[in-house]
Amino acid sequence: MGVFETIVDQIRDAQMVTYDQLVYIFEHIDEEKEQYLYAQARAVAEPIFHKAVYLRGLIEFTNICKNDCYYCGIRCSNPNAQRYRLTEEQILNCCDMGAKLGFKTFVLQGGEDPYYTDDKVCDIVRKIKDRHPDCAVTLSIGEKEYDSYKRYYAAGADRYLLRHETANEEHYAMLHPASLSGAHRKQCLRDLKEIGFQVGCGIMVGTPHQTLKHIYEDFVFMQELQPHMIGIGPFIPHKDTPFRDEPMGSVQQTLWLLALLRLVFPKVLLPATTALGTADPMGREKGILAGANVMMPNLSPVDVREKYMLYDGKICTGDEAAECNRCMRLRVEKIGYHVEDSRGDHPNFK
Ligand code: SAH
């Protein structure tokens with residue numbers, strides 16, 4: 001066994017990664033070593049998840065956003081984004097459709113749209129839980145006050161996704177306008193966890209100015225936070241943003257990081273994201289084979305899909321929910337995994 005393999009085993013056994021280990025992996029990895037890393041990641045996931053993949057029905061319910069993140073296609077200063085909001089009835093219809101397809105989690109994601117007051121959000125959450133008491137509701141609606149998060153939780157929301165984007169605050173400031181801070185975003189995640197949510201953080205891989213040092217800091221932050229879910233995908237430029245000419249993040253590096261995350265956080269829920277599937281047509285399958293165990297088929301009405309364009313070229317914008325569902329299940333089965341139609345809570349929440 002070589003140095004590379006020994007380091008991978010050390011990371012697995014210690015469930016932590018040092019900066020030097022991360023640098024060694026990124027500098028010495030080749031096709032064969034990559035396979036070793038992925039095999040170890042699968043071996044760690046196997047006894048916990050038994051080759052199950054969980055599906056989350058994603059409902060992109062508004063693309064109206066008060067923020068102006070430099071990477072994001074629905075940033076408020078993009079005049080070319082055609083704005084929309086789903087009505088409560090449309091959102092509930094999406095959930096009904098998803099429930100028929102077997103989904104047990106609905107993810108409500110959107111821009112930070114002031115129209116959806118806490119009252120409205122709570123109302124929607126309550127109605128979904130009333131109609132589908134066996135389903136989990138995940139919110140992904142950005143940075144809010146502690147008391148707002150408390151109200152969502154009391155209304156029945158189970159989980160919250162809020163990628164921290166980068167743990168390094170100087171790097172955060174290179175990706176966001178001055179009105180947003182990395183410190184506040186991280187505080188939101190701590191608040192969400194304290195309130196009792198299953199919490200998801202995460203990063204984009206290959207954002208402008210990102211270094212391996214930053215990625216190491218992401219691991220340090222996540223080791224402290226101990227999130228239940230970690231969403232990562234390659235940065236993909238959007239033509240109407242300040243980062244339009246920046247290079248896309250690397251699919252390969254995303255896969256290495258998925259595998260490393262599985263080694264460091266064996267029980268974590270780790271999606272093979274849409275961005276990964278956009279950057280590489282087989283990206284999501286490769287993600288599962290590198291240790292991911294969640295996929296997020298799109299449940300949004302087809303006529304709004306094109307409008308929730310966070311980055312250029314986003315896949316699945318033309319497919320009906322039923323088609324996305326069928327496609328996901330086939331993809332999972334083709335690589336020897338199976339979709340499990342349970343809520344797919346984090347093992348600590350069962
Ligand atoms: N308003 C919510 C949802 C944001 S969209 C929030 O603030 O959490 C969900 C995620 O998409 C973001 O957290 C970001 O990591 C990712 N994303 C946005 N633009 C992207 C791009 N150009 N390429 C890849 N991922 C992107």
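Computed from a prediction, not measured in an experiment: that's the story for all the values here.

A few points about the side chain of Arg262
No. 1: Residue placement: Arg262 occurs in helix H10 (residues 251–264).
No. 2: A polar contact of 3.3 Å, which involves the side chain of Arg262, links it to the side chain of Asn293.
No. 3: Residues in contact with Arg262, not counting those within four places in the same chain, are Ala41, Val44, Ala45, Phe49, Lys267, Val268, Leu270, Gly291, Ala292 and Asn293.

Regarding the packing of helix H4 (residues 88–100) against helix H5 (residues 118–131)
No. 1: It is at 10 Å that the axes of H4 and H5 come closest, and there the two elements cross at 30°. Judged by the inter-axis angle, H4 sits roughly parallel to H5. For the element pair H4 and H5, the recorded crossing hand is right-handed. Between H4, through Glu88, Ile91, Leu92, Cys95 and Asp96, and H5, the contact on the second element is made entirely by Asp123, Ile124, Lys127, Ile128 and Arg131.
No. 2: Partitioning the contact of H4 with H5 into residue classes produces five nonpolar, no polar and five charged.

Comments concerning helix H1 (residues 3–14)
No. 1: In this model H1 runs 16 Å from its N-terminal to its C-terminal C-alpha over 12 residues, within 8% of the 16 Å that 1.5 Å per residue would give.
No. 2: Phe4, Glu5, Ile7, Val8, Asp9 and Ile11 are the residues of H1 that are buried.
No. 3: The inward-facing, buried residues of H1 abut helix H2 (19–28), helix H3 (31–49) and H10.

As for the environment of Ala322
No. 1: Take Ala322: it is sitting in helix H14 (residues 321–334).
No. 2: Judged by relative accessible area, Ala322 falls into the partly exposed class, the value being 39%.

Here we look at the pattern of salt bridges
No. 1: For the structure shown, the criterion picks out 26 salt bridges.
No. 2: Measuring nitrogen to oxygen at the nearest pair gives 2.5 Å for the salt bridge that ties Arg131 to Asp96. You can see Arg131 sitting in helix H5 and its partner Asp96 sitting in helix H4, a full 35 residues away along the chain.
No. 3: Residue classification places Arg131 among the partly exposed positions, given a relative accessible area of 42%.
No. 4: The partner of Asp345 in a salt bridge is Arg159, with the nearest N and O atoms 2.9 Å apart. Of this pair, Asp345 sits in the segment after strand S9 (338–339) while Arg159 sits in strand S5 (residues 159–161), and the two are 186 residues apart along the sequence.
No. 5: With relative accessibility at 0%, the residue Arg159 sits in the buried group.
No. 6: It is possible to trace a salt-bridge network through shared partners that takes in Lys129, Asp158, Arg159, Arg343 and Asp345.

Section: the packing of aromatic side chains
No. 1: Overall, the coordinates contain 11 aromatic pairs when judged by the stated rule.
No. 2: Taking 6.0 Å as the distance between ring centres and 85° as the angle between the ring planes, the aromatic pair formed by Tyr70 and Phe243 counts as edge-to-face. In this pair, Tyr70 sits in the loop between strand S2 (57–62) and H4 while Phe243 sits in the loop between strand S7 (229–234) and H10, placing the two residues 173 residues apart along the sequence.
No. 3: On the basis of relative accessible area, Phe243 is assigned to the buried category, the value being 7%.
No. 4: Geometrically, the ring pair formed by Tyr160 and Phe197 is edge-to-face, given 5.9 Å between the ring centres and 75° between the ring planes. With Tyr160 in strand S5 and Phe197 in the loop between helix H8 (182–195) and strand S6 (198–205), the pair connects residues that are 37 residues apart, well separated along the chain.

Quick look at the sheet that holds strand S1 (residues 52–55)
No. 1: Ordered by their spatial adjacency, three strands build an open sheet running S8-S1-S9, and the pairing between neighbours is parallel. At either margin of the open sheet sits one strand with a lone partner, and together these are strand S8 (294–295) and S9.
No. 2: Across two bridges, S1 lies against S8 in parallel orientation. Its bridge partner being in S8, Tyr54 is matched across the sheet by Val294.
No. 3: Lying over the sheet, H14 contacts S1, S8 and S9, oriented at roughly 165° with respect to S1.

Side note on the site of the ligand
No. 1: Around the ligand, 17 residues are found, and the nearest of them are Tyr71, Gly110, Arg163, Glu165 and Ile236.
No. 2: In the environment of the ligand, an oxygen atom lies 3.0 Å from a nitrogen or oxygen atom belonging to the side chain of Arg163.
No. 3: Note that a nitrogen atom of the ligand is positioned 2.7 Å from one of the backbone N or O atoms of Ile236.
No. 4: When the ligand sits alone it has 560 Å² of accessible area, and the protein chains cover 91% of it.
No. 5: Residues that form the shell around the ligand fall into these classes: 10 nonpolar, four polar and three charged.

Looking at the sheet that holds S6
No. 1: Taken together, the six strands give an open sheet; going across it, the order is S2-S3-S4-S5-S6-S7, and neighbouring strands pair in parallel fashion. Strand pairing shows two members of the sheet lacking a second neighbour, S2 and S7, which therefore form its edges. Between one strand axis and the next, the sheet turns by 20° as a mean value, whatever way the strands run.
No. 2: Bridging between strand S3 (residues 105–110) and strand S4 (residues 136–140) involves five bridges; their strand directions are parallel. In the sheet register, Val107 faces S4, and the bridge partner there is Thr138.

What counts and how
- Residues numbered from 1 in each chain as written.
- Predicted model: local features only at pLDDT ≥ 70, side-chain atom pairs only at ≥ 80, totals over all residues.
- Heavy atoms only, no water.
- Helix = DSSP H or I, 4+ residues; strand = E, 2+ residues; numbered from the N terminus.
- Polar contact = N/O pair within 3.5 Å; in protein donor to acceptor, adjacent residues only side chain to side chain.
- Contact = heavy atoms within 4.5 Å.
- Axes fitted to C-alpha atoms, helices over the stretch in contact; angles between N-to-C directions.
- Parallel < 35°, antiparallel > 145°, perpendicular 65-115°, else oblique.
- Left-handed = near helix turned anticlockwise from the far one by under 90°.
- Nonpolar A, V, L, I, M, F, W, Y, C, P; charged D, E, K, R; others polar.
- Expected span 1.5 Å × (residues − 1).
- Buried < 20%, exposed > 50% of the residue type's maximum accessible area, 1.4 Å probe, protein only.
- Salt bridge = Lys/Arg side-chain N within 4 Å of Asp/Glu carboxyl O.
- Phe/Tyr/Trp six-rings, centres within 6.5 Å; stacked < 30°, edge-to-face > 60°.
- Pairing = 2+ DSSP bridges.
- Near = heavy atom within 4 Å.
- Areas by Shrake-Rupley, 256 points an atom, 1.4 Å probe, with all protein chains shown as cover.

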